[in-house]
Number of protein chains: 2
Amino acid sequence: MSLIVMKFGGSSVGTTERMNRVAQRIIDKKLQGDRVVVVVSAMGDTTDDLIDKANEVNDNPPAREMDMLLTTGEQISVALLSMAIHKHGHAAKSFTGWQAGIVTEAVHAKARINDISPDRIFAALDEGNVVIVAGFQGMSESGEITTLGRGGSDTTAVALAAAIKADVCEIYTDVDGVYSTDPRVVKCARKLDEISYDEMLELAHLGAAVLHPRAVEYAKHYKVNLVVRSSFTQNQGTLVREAAEMEQGIVVRGIAADKNVARISVLGVGDVPGVLAKMFGALANKGIDVDIIVQSGVQDGKADFSFTVSLGDRQRAIDVLASIKGEVPYRETTYEEGLVKVSIVGAGMVSNPGVAATMFKAISDVGVSIKMVSTSEIKVSCVIAAEPVQEVVRALHTAYSLDTAETAFVGGPQDRR
Amino acid sequence: MSLIVMKFGGSSVGTTERMNRVAQRIIDKKLQGDRVVVVVSAMGDTTDDLIDKANEVNDNPPAREMDMLLTTGEQISVALLSMAIHKHGHAAKSFTGWQAGIVTEAVHAKARINDISPDRIFAALDEGNVVIVAGFQGMSESGEITTLGRGGSDTTAVALAAAIKADVCEIYTDVDGVYSTDPRVVKCARKLDEISYDEMLELAHLGAAVLHPRAVEYAKHYKVNLVVRSSFTQNQGTLVREAAEMEQGIVVRGIAADKNVARISVLGVGDVPGVLAKMFGALANKGIDVDIIVQSGVQDGKADFSFTVSLGDRQRAIDVLASIKGEVPYRETTYEEGLVKVSIVGAGMVSNPGVAATMFKAISDVGVSIKMVSTSEIKVSCVIAAEPVQEVVRALHTAYSLDTAETAFVGGPQDRR
C-alpha cells in the first residue's frame, strides 16, 4: 500500500466529462489499495474569468482581495471533483488550502509555503477517503488567504508529498512526460524515462513549461519522487529524482530554447570602484532578474557590459540604469530583441570535456553566430538570433545523439498553474 | 459615530454597475463618520449556476461538498465589493465566514450560528477599513465550512450586528420596506414605518418574503434594531424593533396570504389513547411541519381530524399516515389543494376584542367560506379557497383601515438568500 499524491491541472478538469475521467483515474488508484491525496487546479478558464471580473471593478485590485477572489477557483474544483468521486460510489473529502494545514508567508499573490500540518489529511485518509486539496493556495499565520503564484498547484502537490512523506508525487498533464526537447519543434524528440532534479531545474528555468521551477526546487530539497505523466493516456511518464540514470553514450539530457530574452548593453562605463555591484544591485532592488552577464575588455579605462533580462523587464532595466547614471557613469545603453537562448542540459557533461565545443560547432554549422555564452556544471547556454532557432535545436538534438525513431506525442497547450 | 451593519442581497450586487452603486452607498455611510460592516450575498445567479454545475457531476451531491462549492459565491462577492470600494479610494477588507469568526453547528446546508468571535472585524475597523463579510456561511468547531440555509445572509447580518453590538442592522433589498400587505395585490398597501419583532415574525412565517423568519428570531432574541430599506432609493424604510408604535385607531399591522398550503383530513379515527401524539409525532419525525390542526366532534367513538402542511409535504404526510395505520386506525385520508391561508397580524389585537369577528365578516361579505381558523395573541389565520384571495385581501385591508392614498412602490423579484 503506497501513499500517493496525484496532481491534475486545470485543463484536465476543464469539463464535466474530463472531471469524470479524472475521478475514474483516482478511483483506479484507490482500488489498487493505495492511499490517495489529490491536488487540483481551477477548472479551465475559471481563473481568467475571475481576473476579468476583477478588472471590470478595479483595474488595479489589491493583492489581498485578488487572492480572496482567485482561490475560489480551486475551491470550486475540489468540491466538484469530490462530488464526482462520490457519484462513482467512493468516499472523498475536499479541503481548501487552509483546511489542509498549508501555512505560507504573509505575502499575497506569490507566497512561499512555510509549513504544512497534515493532521486533517491523515484523519480523512484513515476514514477511507480520497483527500482532495485545493492547489495554489494557503493561509498565513494571521489567517489571511494567500496564493502561491505561477506554478502554485505543482508546488502544493510537491510540498504536500513532502509533508505526508508520500511514496511518489504524480503530476498529470497534457503531455506524456518530459522530452529531450520541445516535440513540436523536433519530431524525433525522445521522452525521457528519468531526469535528475538539477537537470529538470535547469530545463524548467530554461523554458520547458512542463514543471514549474519552484516545484522542482521543493522536490529536490525534500527528495520527493516526482513523476510527470499524461492525464489522457496510461503511458509511463518521466521520473524526476536525485540521480537519474544516463543511457550509454549520452551526455546531454535535454535541449531548451527560451525566446523571452532581451540583451542590454551598457557602453563606456567608467572604472569606478564597485561599479558592477552598484549596477546589478540597483537592478535587483527593482526585482529585475539578470541572467547572462558578459564584460568585454577595458579600453581607455572604460568597459562595455552586456546582460540579458526577460523581454518584459527590458525598458525598466534601461530606466534603472538611467536613474543611477550619477553614481555609475557610462556613455550609452543599447538593447537588442529578437533573440533566443538555446541551452543544453545534462549531468553527464561535467565529466565529458568538449561538450561545449560540440555545441558551438553545431550552431556554427547552421551558419548562426553566437552572441553570448554562459555555462554551469550541467548546462551550456548560447544567446543567438531567434530566426533559425528550430534548425539549431534540431542540429543540437542530432549532435548529442538524442534523436529517436519514434515520433513524439504532442499534446495540447500546456496548463501551468 | 455609529457602528452599522449593512446587508446587500444578490440582486443588489448582480452586475458591475450595481456593485459600484453599492460601493458608493457604503462609502457615503463611512463619510458620515460611521464604522461600517457589510454583509453580502452571492451575485445574481451565481448560486444557481453553481448548483447546476454540481448536478452535472452528481445528481445527489454530499451536503458537505455542496457547502464547499456554494460558499465560493459569497467569497467572490466580498472580494469584488472590496475591490470596488478600493477603486473609489477607500480602505476595505473582505472576510469569509470563518475569517469573520462565525462558528456554527457541525451541520451542513442549514447550520445555526453558535458563536461569533469578532476580534478580526474590530481590528480591521480600527485600521479604518470598511469590513465586508461573506453572508450565508460559517465554520464548525472542527473547521468544516458550513452554510446557514435559506435567508442565511440576513441571519449573518443580524447575528454579526448582535455580536459587535451594532447600533443598527440595515437590510437593503429591492423593495422600500415592509408593507401592510403585498403591494402587487393591493395598490394602496401602506409602507410601515415600524413593526415589532413578533409581528414581523408572524408576517415572515406567513409568506411575506422581505425578511427570513430566522433572521427576525435572532433580532428579537438579541434586540437588534433592524431596518428594511431599498438599495435603489434613499427612502426611509421600515424599523423592526421590540415595541413598535401603532397609529391611532389601527389594530392590525399587516395582512399576509400564503398559497403554499394543503389540507389533509383523516376521517374515522379510532379512539386510541395518545392518538394525536402518535399521529403528529410520526409526522414531526419525518420533518413535516404541521400548521393548523382542527378536530371535529366525535361520533360513534370515531373522530375526524384536519391539518395543513406545505404543498411539497402533502404526499409524504399521507404516506406517513398510511405507515402508522396499524397503531392509529382510521377509515381514510383525503386532501384538498387550491387553498390559501390569509392572516391578519398586529400586536394591537390582544386588547381589542372583535378583531377576529371583523375578519370573518369581511371574508363572508366577499362570499367566501372559511374552512379552518387558527389564532394566536397577535394573529388570526383563515384557510379559504385560493380563487378570490386578492378580493379577500383587499377587503381585509379596507376593513382594518390600512388603505393609504399613495400607490405603493412595487419592486422587482425578491432575493432571499
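Residues numbered from 1 in each chain as written. Chains lettered and ligands numbered in written order. Predicted model: local features only at pLDDT ≥ 70, side-chain atom pairs only at ≥ 80, totals over all residues. Heavy atoms only, no water.

Per an unreviewed UniProt entry, the recorded name for chain A is Aspartokinase, and the organism is Cohnella suwonensis. According to UniProt, the comment filed for chain A under the heading Sequence similarities (unreviewed entry) is "Belongs to the aspartokinase family." A UniProt comment under Catalytic activity (unreviewed entry) is attached to chain A, and it reads "L-aspartate + ATP = 4-phospho-L-aspartate + ADP". (UniProt positions renumbered as here; feature names shortened; annotations may be inferred.)

Engineer: Mind showing me how you'd approach the overall build of chain A here?
Structural biologist: Regarding its fold elements, chain A presents eleven helices and 20 strands. Taken along its principal axes, the extent of the C-alpha atoms in chain A is 80 × 50 × 35 Å. The proportion of buried residues among the 417 residues of chain A is 56%. Look at the contacts in chain A between residues 6 or more apart in sequence, and 75% of them connect residues 24 or more apart. When the 42 basic and 53 acidic side-chain charges of chain A are each reduced to a single mean position, those positions are 1 Å apart. (Helix = DSSP H or I, 4+ residues; strand = E, 2+ residues; numbered from the N terminus. Buried < 20%, exposed > 50% of the residue type's maximum accessible area, 1.4 Å probe, protein only. Contact = heavy atoms within 4.5 Å. Lys, Arg positive; Asp, Glu negative; His and termini not counted. Charge placed at Lys NZ, Arg CZ, Asp CG, Glu CD.)

Engineer: Where do I start with a nonpolar patch on the surface in this structure?
Structural biologist: On the surface, a nonpolar cluster with roughly 200 Å² of combined accessible area is contributed by B:Phe360, B:Ile370 and B:Val373. Inspection of the secondary structure assignment puts B:Phe360 in helix α10 (residues 355-365). (Patch = residues over 30% accessible without salt bridge, like charges linked within 9 Å, V, L, I, M, F, W, Y side chains within 5 Å. Areas by Shrake-Rupley, 256 points an atom, 1.4 Å probe, with all protein chains shown as cover. Salt bridge = Lys/Arg side-chain N within 4 Å of Asp/Glu carboxyl O.)

Engineer: How should I be thinking about helix α5 (residues 152-163) of chain A in this particular structure?
Structural biologist: For an α-helix, 3.6 residues make a turn, and residues three or four places apart therefore share a direction. Its twelve residues give α5(A) an end-to-end C-alpha distance of 16 Å, which sits within 8% of 16 Å, the value for a rise of 1.5 Å per residue. Looking one or two residues beyond α5(A), the residue adopting positive phi is A:Lys165, at roughly 55°. (Expected span 1.5 Å × (residues − 1).)

Engineer: Help me understand the relation of the copies chain A and chain B in this model?
Structural biologist: Copies of the same chain, two in number, are related to each other by a rotation about an axis and a translation along it. Rotating chain A by 180° about the axis while translating it 0.1 Å along that axis superimposes it on chain B, leaving an RMSD of 0.1 Å. Accordingly, the operation relating the two chain copies is best matched by a two-fold axis. Nearest to the rotation axis, the C-alpha of A:Thr72 is located 2.7 Å from it, this being the minimum over chain A. The fraction of interface residues of chain A whose copies in chain B are also interface residues reaches 100%, indicating that both copies meet through the same surface. (Least-squares fit on C-alpha atoms with pLDDT ≥ 70 in both.)

Engineer: Quick question: what am I supposed to make of the sheet that holds strand β20 (residues 379-385) of chain A here?
Structural biologist: Within a sheet, each strand pairs with its neighbour through backbone hydrogen bonds, oriented either parallel or antiparallel. Residues and elements named next belong to chain A. With antiparallel pairing, the four strands of this open sheet are ordered in space as β13-β18-β20-β19. Looking at the sheet topology across the chains shown, the edges are occupied by β13 (254-258) and β19 (372-376). Shown here is a sheet whose adjacent strand axes are inclined to one another by a mean of 15°, direction ignored. Examined bridge by bridge, β13 and strand β18 (residues 339-345) share five bridges and lie antiparallel to one another. For Ala257, the partnering residue across the bridge sits in β18 and is Val342. Sheet contacts for helix α10 (residues 355-365): β18, β19 and β20; angle to β20, the most-contacted strand, approximately 20°. (Pairing = 2+ DSSP bridges. Axes fitted to C-alpha atoms, helices over the stretch in contact; angles between N-to-C directions.)

Engineer: Looking at this structure, I do not really get helix α1 (residues 16-31) of chain A. What am I missing?
Structural biologist: Residue and element names in this part refer to chain A. Across its 16 residues, α1 extends 22 Å between first and last C-alpha, which sits within 8% of the 22 Å expected from 1.5 Å per residue. Every buried residue of α1 is listed here: Met19, Val22, Ala23, Arg25, Ile26, Ile27 and Lys29. Residues of α1 that are buried in the fold lie against β1 (3-8), β2 (35-40), α3 (63-87), β6 (130-134), β9 (168-173) and β11 (226-230). Two residues or fewer past α1, Gly33 is found with a positive phi of approximately 100°.

Engineer: Got a minute to help me understand the environment of B:Ala111 in this structure?
Structural biologist: All names here are of chain B. Considering the arrangement of structural elements, one finds Ala111 in the loop between β4 (102-104) and β5 (113-116). Expressed as a C-alpha distance, the spacing of Ala111 and Asn129, which sit 18 residues apart in the sequence, is 29 Å. Ignoring any residue separated from it by four or fewer positions in sequence, one finds Ala111 in contact with Thr104, Glu105, Thr146, Thr147, Leu148 and Arg214.

Engineer: What exactly am I supposed to notice about the UniProt feature "domain: ACT" (unreviewed entry) in chain A here?
Structural biologist: In this numbering, the UniProt entry assigns the feature "domain: ACT" (unreviewed entry) to residues 264-347 of chain A. When the span residues 264-347 of chain A is considered, its composition is 25% helix and 40% strand, and the gap between its end C-alpha atoms is 30 Å.

Engineer: Just to check I follow, could you spell out the packing of α3(A) against helix α3 (residues 63-87) of chain B for this structure?
Structural biologist: Each pair of packed helices can be described by the angle between their axes along with the distance between the axes. Packing of α3(A) against α3(B) brings their axes to within 8 Å, and their N-to-C directions diverge by 165°. Our classification of the angle between α3(A) and α3(B) gives roughly antiparallel. Like other packed secondary-structure pairs, α3(A) and α3(B) cross with a definite hand, here left-handed. Across the contact of α3(A) with α3(B), the residue classes break down as 16 nonpolar, eight polar and two charged. (Parallel < 35°, antiparallel > 145°, perpendicular 65-115°, else oblique. Left-handed = near helix turned anticlockwise from the far one by under 90°. Nonpolar A, V, L, I, M, F, W, Y, C, P; charged D, E, K, R; others polar.)

Engineer: Looking at this structure, how should I read a negative patch on the surface?
Structural biologist: Where like charges cluster on the molecular surface, the negative patch consists of A:Asp45, A:Asp48, A:Asp49, A:Asp52 and A:Glu56. Position of A:Asp49 relative to the elements: it lies in helix α2 (residues 46-57).

Engineer: What is the right way to look at the interface of chain A and chain B in this model?
Structural biologist: The partner chain B presents 40 residues to the 40 residues of chain A that form the contact. Taken together, the two surfaces of chain A and chain B that pack against each other cover about 3,400 Å², and 62% of this comes from carbon and sulfur. Linking chain A with chain B are four salt bridges, by the criterion used here. Across the salt bridge formed by B:Arg120 and A:Glu144, the nearest N and O atoms sit 2.7 Å from each other. Run the count over chain A and chain B and you get 22 residue pairs in polar contact (both at pLDDT 80 or more). Where the side of chain A that touches chain B is concerned, the elements lending two or more residues are α2, α3 and β3 (92-95) of chain A. Considering every element that reaches the side of chain A that touches chain B, the biggest residue donor is α3(A), with 17 residues. Class assignment of the residues belonging to the side of chain A that touches chain B gives a composition of 19 nonpolar, twelve polar and nine charged. (Buried area = accessible area lost by both parts, 1.4 Å probe. Polar contact = N/O pair within 3.5 Å; in protein donor to acceptor, adjacent residues only side chain to side chain.)

Engineer: How do you make sense of the confidence of the model for chain A when you look at a structure like this?
Structural biologist: Reading predicted coordinates in detail is not appropriate for stretches of low pLDDT. In the predicted model, chain A carries a mean pLDDT of 89, and the fraction of residues at 70 or more is 95%. Considering only residues more than four positions removed or in separate chains, one finds that residues 407-417 of chain A, a stretch of pLDDT under 50, has 45 contacts. (pLDDT = per-residue confidence, 0-100.)

Engineer: It is not clear to me how the packing of α5(A) against helix α7 (residues 213-222) of chain A should be interpreted in this structure. Could you clarify?
Structural biologist: All names here are of chain A. Contact geometry of α5 with α7 gives a least axis separation of 8 Å together with a crossing angle of 10°. Classified by the angle between their axes, α5 and α7 sit roughly parallel to one another. Residues Asp154, Thr155, Val158, Ala159 and Ala162 of α5 form the contact with α7, whose participating residues are Arg214, Ala215, Tyr218, Ala219 and Tyr222. Looking at the contact of α5 with α7, its residues break down into seven nonpolar, one polar and two charged.

Engineer: Looking at this structure, I do not really get the pairing of strand β11 (residues 226-230) of chain B. What am I missing?
Structural biologist: Sheet faces and side chains relate simply in a regular strand, where the side chains alternate between the two faces. Residue and element names in this part refer to chain B. Burial analysis of β11 places five of its five residues in the buried class, the great majority of the element. The pairing of strand β9 (residues 168-173) with β11 spans five bridges and is classified as parallel. Directly across from Ile171, in β11, lies its bridge partner Val228. Bridging between β11 and strand β12 (residues 238-241) involves three bridges; their strand directions are antiparallel. Its bridge partner lying in β12, Val228 is registered against Thr238.

Engineer: Can you walk me through the domain arrangement of chain A in this structure?
Structural biologist: How big an interface is tends to be stated in terms of the accessible area lost upon association of its parts. Entries for chain A in the domain assignment read domain 1 (3-173) and domain 2 (262-336). Measuring from the centre of the C-alpha atoms in domain 1 of chain A to the corresponding centre in domain 2 of chain A gives 42 Å. (Domains from an automatic or database assignment.)

Engineer: Just checking my understanding: could you explain the side chain of B:Thr147 for this structure?
Structural biologist: Its location among the elements puts B:Thr147 in strand β8 (residues 145-147). Those residues in contact with B:Thr147 that lie beyond four places of it in its chain are B:Asp67, B:Thr71, B:Ala109, B:Lys110, B:Ala111, B:Phe136 and B:Gln137.

Engineer: Where do I start with the packing of aromatic side chains in this structure?
Structural biologist: Where two aromatic rings form a pair, the distance of their centres and the angle of their planes describe that pair. A complete count under the given rule lists seven aromatic pairs over all chains for this structure. On the basis of an interplanar angle of 35° and a centroid distance of 4.0 Å, the ring pair of A:Trp98 and B:Trp98 is categorised as tilted. Note that A:Trp98 is positioned in the loop between β3 and β4 (102-104) and B:Trp98 in the loop between β3 (92-95) and β4, a pairing that runs across two chains. Looking at A:Trp98, the relative accessible area reads 13%, which means it is buried. Sitting above the plane of the A:Tyr335 ring, A:Arg314 keeps its charged end 3.8 Å from the centroid. (Phe/Tyr/Trp six-rings, centres within 6.5 Å; stacked < 30°, edge-to-face > 60°. Lys NZ or Arg CZ within 6 Å of the ring centre and 35° of its normal.)

Engineer: Please clarify how the pattern of salt bridges should be interpreted in this entry.
Structural biologist: Where charged atoms from two side chains of opposite charge come close, those side chains can pair. Under the definition given, this model contains 46 salt bridges over all chains. Between A:Glu170 and A:Lys29 there is a salt bridge; the shortest N-O distance is 3.2 Å. One end of the pair, A:Glu170, is in strand β9; the other, A:Lys29, is in helix α1, and 141 residues separate them in sequence. For A:Glu170, a relative accessible area of 7% gives the class buried. B:Asp154 serves as the salt-bridge partner of B:Lys7, at 2.9 Å between the closest nitrogen and oxygen. Here B:Asp154 lies in helix α5 (residues 152-163) and B:Lys7 lies in strand β1 (residues 3-8), a separation of 147 residues in the sequence. By relative accessible area, which is 0% here, B:Asp154 ends up buried.

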